[in-house]
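# Breakdown of the fold
Each chain, written out:
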Amino acid sequence: MSPLSGRHIILGITGGIAAYKSVSLLRLLVKAGAEVQVVITPSGKEFITPVTLSALSHRPVVSEFFTANTGEWHSHVDLGLWADAMVVAPATACSIAKMAHGVADNMLITTYLSAKAPVFVAPAMDLDMMAHPSTQANIALLRSYGNHIIEPASGELASGLVGKGRMAEPEEIMAALELFFAQEIKGHALRGKRVLITAGPTYERIDPVRFIGNFSSGKMGYALAEEAAKAGAQVTLVSGPVSLRANHPSIQVVAVESARQMLAACQEAFPTTDIAIMCAAVADYAPAEYAERKIKREAGEAPVIHLVKNPDIAATLGAEKRPGQTLVGFALETDHEETNALDKMRRKHLDMIVMNSLQTPGAGFATDTNQVTIYSADGSTRQGELKSKTEVARDILQAIIREREEAEA
Ligand code: C5P
């Protein structure tokens, strides 16, 4: 059975000659058992008719915001939530630019902006348009959002020129989608498990308007929470101040501000937790005293803020850990990466440590992508590539599931 069987796929078609290949792609998707909703841009319809597409997908094709005669609104939000994946093929230079910059002037782009699912983009254009720095920069932007680019091939183009810009063949696009879904966490591997995740920064108050914090976005922790919940877990997400929202109903968010509050929330949840993942960037120090009133600028000496050490949440839970509980930490190192990460795993009694590489562009804080190496206490190492944080989250959870299965065997 294809890993695409039963999946909800949005097939986005934009206005390029390669749109004729989207018909074959649609057929392959339907044959693989996927439910496909075609969304086509107005100029896409100049290349391929909605009649062909609706007949093959067994669904009306969506193109406009409204049905002209009835006024019925087509909800891009519902569509975005329905999808397990969105694939834009062909993606013209124009649509890629709109996706990169959020120019939501048609149904396809609004759907893209609303989609929570992974997005695959298959560029198709003439070689000079493809090579232009603006197109390359826009593709790089899409990649940085965690979208998957299915590279165009070199070959004969509609213009008669020969070069890079031919849309990947439908079979290649299928292969990319199948590989992605095949790597997803199987079934409900975490059904009945309780997972505790810390995410984001902590803020340590100096006075009513100032704090010590850091640039952590919380994206990695929220991706872990989403993927764990999708795999069937009940998730407690202890989150520092971030601008993210958890969407899955099985995620309970406990919003905290400081390291001490984060520790208290974790200690409350930990006794009933099966798997704890410490993803937060906890401030190492907090001001020794909190000034009840805003500290005024003085003419003389600059004020001195005395700091005290914050509790180490991971180490505290490590000391309280019972058999059967799995505790995972993160490490962000600039030098002696492996030695420091392994040392941290031992010191904090972790079962696994995920090392973020700071060397790789696109990995670490505030990006949508990450590259990690996963070290286990049993000595195994798993080195990953630069991937979306969603995929990295799956890899981490897969590694945890495997270790727990081995420990139980
Ligand atoms: O010691 P370091 O901060 O590098 O360790 C990182 C790991 O420890 C991360 O998993 C982080 O969430 C956790 N940690 C913690 N409490 C702290 C400091 C770090 O839980 N006070």
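Residues numbered from 1 in each chain as written. Predicted model: local features only at pLDDT ≥ 70, side-chain atom pairs only at ≥ 80, totals over all residues. Heavy atoms only, no water.

### Some details on the nonpolar core
Inclusion rule: In these notes, a set of buried Ala, Val, Leu, Ile, Met, Phe, Trp, Tyr and Cys residues joined through side-chain atoms within 4.5 Å is what counts as a nonpolar core. Working definition: with a 1.4 Å probe on protein chains only, accessible area under 20% of the residue-type maximum means buried, over 50% means exposed, and in between means partly exposed. Where helices and strands are cited, they refer to DSSP runs of H or I of at least four residues and of E of at least two residues respectively, numbered from the N terminus.
Ranked by size, the top nonpolar core spans 33 residues in total, and within it Leu224, Val235, Ile277 and Ile396 carry the most contacts. Looking at this core, the elements with two or more residues in it are strand E8 (194-199), helix H9 (219-230), strand E11 (234-239), strand E13 (275-278), strand E16 (326-333), strand E17 (352-357), strand E19 (372-376) and helix H13 (389-408).

### Some points on empty space enclosed by the protein
Counted only if it meets this: Lining residues are those with an atom within 4 Å of a point, where the points come from a 1 Å grid over the protein atoms alone and group into cavities, where a 1.4 Å probe fits but cannot get out, or pockets, open sets with protein on both sides within 12 Å along at least five of seven lines. Grid points are joined across faces, edges and corners, and a volume is the space filled by probe spheres set on the points. Note on residue categories: nonpolar means Ala, Val, Leu, Ile, Met, Phe, Trp, Tyr, Cys or Pro, charged means Asp, Glu, Lys or Arg, and polar means any other residue, Gly included.
In total, this model carries one cavity of 30 Å³ or more according to the counting rule given. Estimated volume of the largest cavity: approximately 40 Å³. As for the largest cavity, its lining consists of Phe180, Gln183, Lys387, Glu391, Arg394 and Asp395. Classifying every residue of the lining of the largest cavity gives one nonpolar, one polar and four charged.

### What to know about the side chain of serine 376
What counts, and what does not: Here, residues are in contact when the closest pair of their heavy atoms is within 4.5 Å.
Note that serine 376 resides in strand E19. Judged by its relative accessible area of 3%, serine 376 is buried. Those residues in contact with serine 376, other than ones at most four positions away along the chain, are Met345, Asp351, Met352, Arg382 and Glu403.

### Overview of the site of the ligand
To keep it simple, the criterion reads: Any residue with a non-hydrogen atom lying within 4 Å of a molecule or strand is treated as near it. Polar contacts, as used here, are pairs of N or O atoms within 3.5 Å; protein pairs need one atom able to donate a hydrogen and one able to accept it. Residues neighboring in sequence count only if both atoms are side-chain atoms. The Shrake-Rupley method, run with a 1.4 Å probe, gives the accessible areas here. Residue values count only the displayed protein chains as cover. Any molecule with more than half of its atoms within 2 Å of a cavity's or pocket's grid points is regarded as sitting in that cavity or pocket.
The full set of residues close to the ligand is Met278, Ala280, Val282, Pro311, Asp312, Ile313, Ala314, Gly329, Phe330, Lys344 and Lys348. For the ligand, an oxygen atom lies 2.5 Å from a polar atom in the side chain of lysine 344. About the coverage of the ligand: the protein hides 84% of its 450 Å² of free accessible area. Under a 2 Å grid-point criterion requiring more than half of the atoms, the pocket assigned to the ligand is the second largest pocket. Looking at the shell around the ligand, the elements that each hand over two or more residues are helix H11 (313-320) and E16. Considering only residue class, the shell around the ligand consists of seven nonpolar, one polar and three charged.

### So, the sheet that holds strand E12 (residues 251-255)
Stated formally: Pairing between strands is defined by DSSP: at least two bridges between the two strands are required. Fitted lines through C-alpha atoms give the axes, limited to the stretch in contact for helices. The angle between two N-to-C directions lies from 0 to 180 degrees.
Pairing within the open sheet is mixed, and its eight strands lie in the order E12-E11-E8-E13-E16-E17-E19-E20. A single partner strand is all that each edge strand has here, and the edge strands are E12 and strand E20 (381-383). Shown here is a sheet whose adjacent strand axes are inclined to one another by a mean of 15°, direction ignored.

### Topic: the layout of surface pockets
Considered as a void within the structure, the largest pocket measures approximately 1600 Å³ in volume. Taken together, 47 residues line the largest pocket, and the ones lying closest to its centre are Lys116, Ala117, Glu226, Lys230 and Thr390. For the lining of the largest pocket, the secondary-structure elements that each account for two or more residues are helix H3 (76-82), helix H4 (93-101), helix H5 (107-114), helix H8 (170-182), H9 and H13. Here the lining of the largest pocket takes six residues from H9, the largest share from any one element. If you add up the space inside the second largest pocket, you get close to 910 Å³. Taken together, 39 residues line the second largest pocket, and the ones lying closest to its centre are Ala280, Ala281, Val282, Asp284 and Phe330. Secondary structure elements with two or more residues in the lining of the second largest pocket: H9, H11, E16, helix H12 (337-347) and E17.

### A closer look at the sheet that holds strand E5 (residues 148-149)
Two pairing modes exist for strands in a sheet, parallel and antiparallel, and in both the strands are linked by backbone hydrogen bonds. Pairing is parallel across the open sheet formed by five strands, whose spatial order is E2-E1-E3-E4-E5. Pairing within the sheet leaves two strands with one partner each, and these edge strands are strand E2 (35-40) and E5. Note that strand E1 (residues 8-13) and strand E3 (residues 85-91) share four bridges and pair parallel. Bridge assignment links isoleucine 10 to a residue of E3, and that residue is methionine 86.

### Quick word on a negative patch on the surface
Basically, it comes down to this: Patch rule: a residue counts if its relative accessible area is over 30% and it has no salt bridge; like charges are joined within 9 Å, and nonpolar side chains (Val, Leu, Ile, Met, Phe, Trp, Tyr) within 5 Å. The salt bridge definition used is simple: a Lys or Arg side-chain nitrogen within 4 Å of an Asp or Glu carboxyl oxygen. Think of it this way: Lys and Arg go in the positive column, Asp and Glu in the negative one, and His and the chain ends go nowhere. To locate a charge, take NZ of a lysine, CZ of an arginine, CG of an aspartate or CD of a glutamate.
On the surface, Asp378, Glu405, Glu406 and Glu408 cluster together into a negatively charged patch. Inspection of the secondary structure assignment puts glutamate 405 in helix H13. Judged by its relative accessible area of 48%, glutamate 405 falls in the partly exposed class.

### Considerations on the packing of aromatic side chains
Defined as follows: Planes of paired rings set the category: under 30 degrees apart is stacked, over 60 is edge-to-face and the rest tilted, where pairs are Phe, Tyr or Trp rings (Trp by its six-membered ring) whose centres lie within 6.5 Å.
Scanning the model with the defined rule gives three aromatic pairs in all. Centre to centre, the rings of phenylalanine 180 and phenylalanine 181 are 5.4 Å apart; their planes meet at 90°, and the pair counts as edge-to-face. We note that phenylalanine 180, like phenylalanine 181, is buried. The structure contains a cluster of three or more aromatic residues connected by ring pairs, namely Phe120, Phe180 and Phe181.

### Remarks on the pairing of strand E4 (residues 119-123)
Most of E4 is tucked away, with five of its five residues classed as buried. With burial as the criterion, each face of E4 is covered, one bearing Val119, Val121 and Pro123 and the other bearing Phe120 and Ala122. Strand direction decides the pairing type here: E3 and E4, joined by four bridges, are parallel. In the sheet register, valine 87 faces E4, and the bridge partner there is phenylalanine 120. Looking at chain direction, E4 and E5 are connected through two bridges and run parallel. Its bridge partner being in E5, phenylalanine 120 is matched across the sheet by histidine 148.

### Quick word on the environment of arginine 143
Secondary-structure assignment places arginine 143 in helix H7 (residues 133-144). Given a relative accessible area of 38%, arginine 143 falls into the partly exposed group. Separated by 23 residues in the primary sequence, arginine 143 and phenylalanine 120 place their C-alpha atoms 9.8 Å from one another. Leaving out residues up to four positions away in the same chain, arginine 143 has contacts with Ile149, Glu151 and Thr369.

Note that all results are geometric; they support no functional claim without further evidence.
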